[in-house]
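Results of the structural survey
Now for the letters of each chain:
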Amino acid sequence: TALALVERKRREEKRREATRNRKELSLSAMRPNAIARALKLVVGSRVPCAEAPAQLKQTISVCGWVHRCRNMGGLLFLDIRDRSGIVQVVTSPDKFPEAHSLAEQLRSEWVVSVSGPVQERVEQNKKLATGQVEIVAESISVLNKVSRTLPFEVSSSFLALLLLHRHSHH
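Residues numbered from 1 in each chain as written. Predicted model: local features only at pLDDT ≥ 70, side-chain atom pairs only at ≥ 80, totals over all residues. Heavy atoms only, no water.

Further remarks concern the confidence of the model for the chain. Looking at the chain, pLDDT values average 82 and 74% of them are 70 or higher. When mean pLDDT is taken per element in the chain, strand β6 (residues 133-136) scores highest with 96 and helix α2 (residues 32-39) scores lowest with 58. (pLDDT = per-residue confidence, 0-100. Helix = DSSP H or I, 4+ residues; strand = E, 2+ residues; numbered from the N terminus.)

Moving on: the environment of Leu143. Of note, Leu143 is situated in strand β7 (residues 139-144). Here Leu143 falls in the buried class, since its relative accessible area comes to 7%. Spatially, the C-alpha atom of Leu143 lies 8.9 Å from that of Cys63, the residues being 80 residues apart in sequence. (Buried < 20%, exposed > 50% of the residue type's maximum accessible area, 1.4 Å probe, protein only.)

Most of strand β4 (residues 85-91) sits inside the fold, with five of its seven residues counted as buried. In the sheet, strand β3 (residues 75-82) pairs with β4 via seven bridges, with the strands oriented antiparallel. From the neighbouring strand, Ile80 faces β4, where its bridge partner is Val87. What sits between the antiparallel neighbours β3 and β4 is a turn of two residues. (Pairing = 2+ DSSP bridges.)

What helix α3 (residues 97-105) keeps buried is the set Ala99, His100 and Ala103. All buried residues of α3 fall inside an arc of 100° around its axis, so they share one side. In this structure, the buried residues of α3 make contact with β3, β4 and β7. (Arc of directions from axis to C-beta. Contact = heavy atoms within 4.5 Å.)

Another aspect to go through is the layout of surface pockets. Rolled over the atoms, a probe sized like a water molecule indicates the empty space that remains. Space inside the largest pocket adds up to approximately 270 Å³. Lining the largest pocket are 15 residues, and of these Leu75, Phe77, Gln88, Val90 and Glu134 sit closest to its centre. Listed by contribution, the elements that provide at least two residues to the lining of the largest pocket are β2 (59-72), β3, β4 and β6. The greatest single-element share of the lining of the largest pocket, amounting to three residues, is contributed by β4. Of the residues assigned to the lining of the largest pocket, the class counts are six nonpolar, four polar and five charged. (1 Å grid on protein atoms, 1.4 Å probe; cavity = no way out; pocket = protein on both sides within 12 Å on 5 of 7 lines; lining within 4 Å. Points joined across faces, edges and corners; volume = space filled by probe spheres on them. Nonpolar A, V, L, I, M, F, W, Y, C, P; charged D, E, K, R; others polar.)

Let us look at the state of the cysteines. For the coordinates displayed, the defined rule picks out zero disulfides. Distance from the sulfur of Cys49, which forms no disulfide, to the nearest cysteine sulfur (Cys63) is 8.5 Å. Residue classification places Cys49 among the buried residues on the basis of a relative accessible area of 0%. (Disulfide = S-S within 2.5 Å.)

Positive phi, normally seen in glycine, also occurs at Lys57, with a value near 65°. Along the polypeptide, Lys57 turns up in the loop between β1 (45-46) and β2.

Glancing now at the pattern of salt bridges. One pass over the structure, following the stated rule, counts four salt bridges. Between Asp79 and Arg68 there is a salt bridge whose closest N-O contact spans 3.3 Å. Of this pair, Asp79 sits in strand β3 while Arg68 sits in strand β2, and the two are eleven residues apart along the sequence. The class for Arg68 is partly exposed, based on a relative accessible area of 40%. Between Asp79 and Arg70 there is a salt bridge, with its nearest N and O atoms 3.1 Å apart. Connected via shared salt-bridge partners are Arg68, Arg70 and Asp79. (Salt bridge = Lys/Arg side-chain N within 4 Å of Asp/Glu carboxyl O.)

Further remarks concern the nonpolar core. Among soluble globular proteins, nonpolar side chains are generally buried collectively. In this structure, Val62, Ile80, Leu106, Val114, Ile135 and Ile140 are the most contacted members of the largest nonpolar core, which totals 22 residues. Among the elements of the structure, β2, β3, β4, α3, β5 (111-120) and β6 are those that each provide at least two residues to this core. Ignoring any residue separated from it by four or fewer positions in sequence, one finds Ile80 in contact with Cys49, Val62, Cys63, Gly64, Trp65, Val66, Gly85, Ile86, Val87, Val89, Val112 and Val114. (Core = buried A, V, L, I, M, F, W, Y, C linked by side-chain atoms within 4.5 Å.)

Pasting the structure below:
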């Protein structure tokens, strides 16, 4: 019976190993939050972008795609997008130089994790659901890069155009 018990444990271990191997996925096929969880890069509490206003004056982490980058004379503004919405992130070379230097390298559609405190925006954006707050980037982690230039800009107007002409054949 002891030999049978050892054999049974060995089979169970092989089964567990096979299950682990099947669960491993390519990072590029994962959603940003799943990538961050897999790599354990998230600092603070991770929240969807749309819930950032409810976290005012707290340190949070958001994961998503870089929607837009703007350089405004020293300060860098990033729009980070996930499935819940878009939130603005600001970086300053004086406060957090490492995060700022990494933010200068970011490009559209890169997947990132950003951690920092949520603060009220000086100029609120009424067009954006999260337009009353911004995240001050204390740390930024690149989870996935876009290795080549995309043939089109990912936007809602482009997606509407694709849907409009979805039945056209060339």
